[in-house]
Amino acid sequence: MHETQLSRNYEVQIEILTPLHVGNGVVLKRDFEFVVQNGKTYRLNDSALLQAFWPADAKQQEKIALTRPADLLGNTRLSHDDAYVLYAYNGSPAMGEIREQIKDVFGHAYVPGSSLKGGLRTALMRTMIEGVAQHSLTRADLGRAMRNDYDARAAKEADDMLDRKYGGFDPNHDMFRGLSIADTTPAPKNALTLQRVQMVPKLEIDVEALAIGSQLKTSLRLDRYILQTVAAQLGIEKKFANTIRNVARAVQFTAETRIRQELAYHIQNNHAQAVHFYYEQLQRIQQKKFADNECLLQVGFAAGWRAKTLLGGLPDNDPLLEKVIGDFYLDKGGKGQGSHASGDAFPKARHLAFVGRNPALPMGWVKMVLS
């Protein structure tokens, strides 16, 4: 940790506890961007393939341009260090396509600072609401109900009042500007894996993910001027600014709630013992009392609604949850018409990463240590 009068700067060690995917929006197609050989998936180097097979004849060029890269390879047997291969991992996708992990300009996988800050912001604001203010949320804390399934503005503005109360009244006057976190260092080459994810029962997708045990580093900065002076100018109570200053301890408060909630859900729904075991493990880690500079955080793809919303702490039997589900069309099948009954699990399903042939782990849990 490096401290000045105006800021406190931390080096942050991140350990990937469960597979983590942050996508770049690209869906890789079998036989075009990748091929499968002998139980391995090879991400193709398009430039190297074109350079090797590009003919001088214009008519042949047109033919090559319409040919699948896999067909250009023919019977060529690939290896990790082949010129036609960018990288490879064990296994093959079930559906013939893979969602690509975000990478830097050199092709190295990493976790963007924006993803980490989004997760930190949600966790910190939940700690402010549930732990510091002990604010019992009501429908009046949220925006107007959606008029129809396409009323994106109402959905976007749903938690604006809570944002203004606990953060600031617009992005230019936001106390969370006092917290910044950089993109992580590139992940080791062998950290990228092929991960199958069960989105709901009978619906599976494949993603590139950072593997369990991968170690990354980043830096986090707390700007004291914004956290103290600007927060006071915005009329935000000092205790909420102090929540951000004690970032790791505050994030861990929300993590404990999340873990209790998820363990209860999986036990109640009689899910795979592996999922129970994982959350029980996290609870045992917490019972050892994390240091004030350590915390758990869930980020990235398939972390789920409860990880990414300020309302994620609402119990399934809370009448407010049923009202929110209806007003904001969260139960797509019900179209806001009350198909979700109070006490029903919400969401009904959890996204789970496969281990072997079984869905067994939540996605995106990391351990952060600030020093």
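Residues numbered from 1 in each chain as written. Predicted model: local features only at pLDDT ≥ 70, side-chain atom pairs only at ≥ 80, totals over all residues. Heavy atoms only, no water.

Considerations on the overall build of the chain
Of regular secondary structure, the chain possesses twelve helices and 15 strands. Rg of the C-alpha trace for the chain: 23 Å, near the compact-globule value of 21 Å for 371 residues, within the 12% margin. C-alpha extents for the chain along the principal axes are approximately 70 × 55 × 45 Å. Counting every position in the chain, which comprises 371 residues, the buried fraction comes to 48%. The long-range share in the chain, meaning contacts at least 24 apart out of those at least 6 apart in sequence, stands at 75%. (Helix = DSSP H or I, 4+ residues; strand = E, 2+ residues; numbered from the N terminus. Rg over C-alpha atoms; globule rule 2.2 N^0.38 Å. Buried < 20%, exposed > 50% of the residue type's maximum accessible area, 1.4 Å probe, protein only. Contact = heavy atoms within 4.5 Å.)

Details of the side chain of Glu208
Within the secondary structure, Glu208 is located in strand β10 (residues 203–210). Classification of Glu208 as buried rests on a relative accessible area of 0%. Once residues lying within four places of it in the same chain are set aside, the contact partners of Glu208 are His21, Leu28, Tyr87, Tyr89, Ile98, Arg99, Glu100, Gln101, Lys103, Leu192 and Thr193.

Some details on the sheet that holds strand β6 (residues 85–90)
What the three strands build is an open sheet, ordered β4-β5-β6; its pairing is antiparallel. Whereas interior strands pair on both sides, the edge strands pair on one side only; in this sheet they are β4 (34–37) and β6. With direction set aside, neighbouring strand axes in the sheet form an average angle of 25°. Where β4 meets strand β5 (residues 40–44), four bridges bridge the pair, whose relative direction is antiparallel. Counterpart to Val35 in the pairing with β5 is Tyr42. (Pairing = 2+ DSSP bridges. Axes fitted to C-alpha atoms, helices over the stretch in contact; angles between N-to-C directions.)

What to know about the pattern of salt bridges
Here the structure, examined in full by the defined rule, presents 22 salt bridges. Here Arg68 ties to Asp71 by a salt bridge, and the two come within 3.1 Å at their closest N and O atoms. The exposure class assigned to Arg68 is partly exposed, which follows from its relative accessible area of 32%. Relative accessible area serves as the criterion here: at 43%, Asp71 is assigned to the partly exposed category. (Salt bridge = Lys/Arg side-chain N within 4 Å of Asp/Glu carboxyl O.)

Here's the deal with the packing of aromatic side chains
Taken as a whole, this structure holds six aromatic pairs when the rule is applied. Between the aromatic rings of Tyr87 and Tyr89, the centroid separation amounts to 5.9 Å while the plane-to-plane angle is 50°, which identifies the pairing as tilted. Take Tyr87 and Tyr89: they sit in the same class, and that class is buried. Considering the side-chain rings of Tyr166 and Phe240, the 5.0 Å spacing of their centres and the 75° angle between planes classify their relative orientation as edge-to-face. Remark: Phe240 occurs in helix α8 (residues 238–245) and Tyr166 occurs in helix α6 (residues 160–166); sequence separation between them is 74 residues. Taken individually, Tyr166 and Phe240 each receive the classification buried, so the pair is uniform in this respect. Aromatic rings pair up to connect Tyr278, Tyr279 and Trp365 into one cluster. The aromatic ring of Tyr265 is capped on one face by Arg350, whose charged end is 3.7 Å from the ring centroid. The ring of Phe290 is capped by Lys367, whose NZ or CZ atom sits 5.4 Å from the centre of that ring. (Phe/Tyr/Trp six-rings, centres within 6.5 Å; stacked < 30°, edge-to-face > 60°. Lys NZ or Arg CZ within 6 Å of the ring centre and 35° of its normal.)

Looking at unusual backbone geometry
Excluding glycine, most residues fall at negative phi; most peptide bonds, likewise, are trans. The omega torsion of the bond from Phe346 to Pro347 falls at -15°, within 30 degrees of zero and hence cis. Along the polypeptide, Pro347 turns up in the loop between α12 (319–327) and β13 (352–355). Notably, Tyr329 is not glycine yet its phi reads approximately 55°, a positive angle. On the secondary structure map, Tyr329 appears in the loop between α12 and β13. When its relative accessible area of 14% is taken as the criterion, Tyr329 is described as buried.

A few points about the pairing of strand β2 (residues 7–16)
Across nine bridges, β2 lies against strand β11 (residues 215–223) in antiparallel orientation. Each residue of the ladder has a partner; that of Val12, found in β11, is Thr218. In this structure, β2 lies alongside strand β15 (residues 365–370), joined through five bridges in antiparallel fashion. Each residue of the ladder has a partner; that of Ile14, found in β15, is Met368.

A look at the nonpolar core
Met175, Ile244 and Met368 are the most contacted members of the largest nonpolar core, which has 70 residues in total. At seven residues, the largest contribution of residues to this core is made by helix α4 (residues 113–132). Setting aside chain neighbours within four positions, we find Met175 in contact with Met128, Tyr166, Gly167, Ile226, Leu227, Ala231, Leu234, Ile236, Phe240, Ala241 and Ile244. Counting 22 residues, the second largest nonpolar core, distinct from the first, contains Ile205, Val207, Ile259 and Leu282. (Core = buried A, V, L, I, M, F, W, Y, C linked by side-chain atoms within 4.5 Å.)

Here's the deal with the confidence of the model for the chain
Of all residues in the chain, 96% have pLDDT values of 70 or greater, and the mean over the chain is 90. Of all helices and strands in the chain, the one with the weakest mean pLDDT is strand β1 (residues 2–3) (64), whereas strand β7 (residues 97–101) scores best (98). (pLDDT = per-residue confidence, 0-100.)

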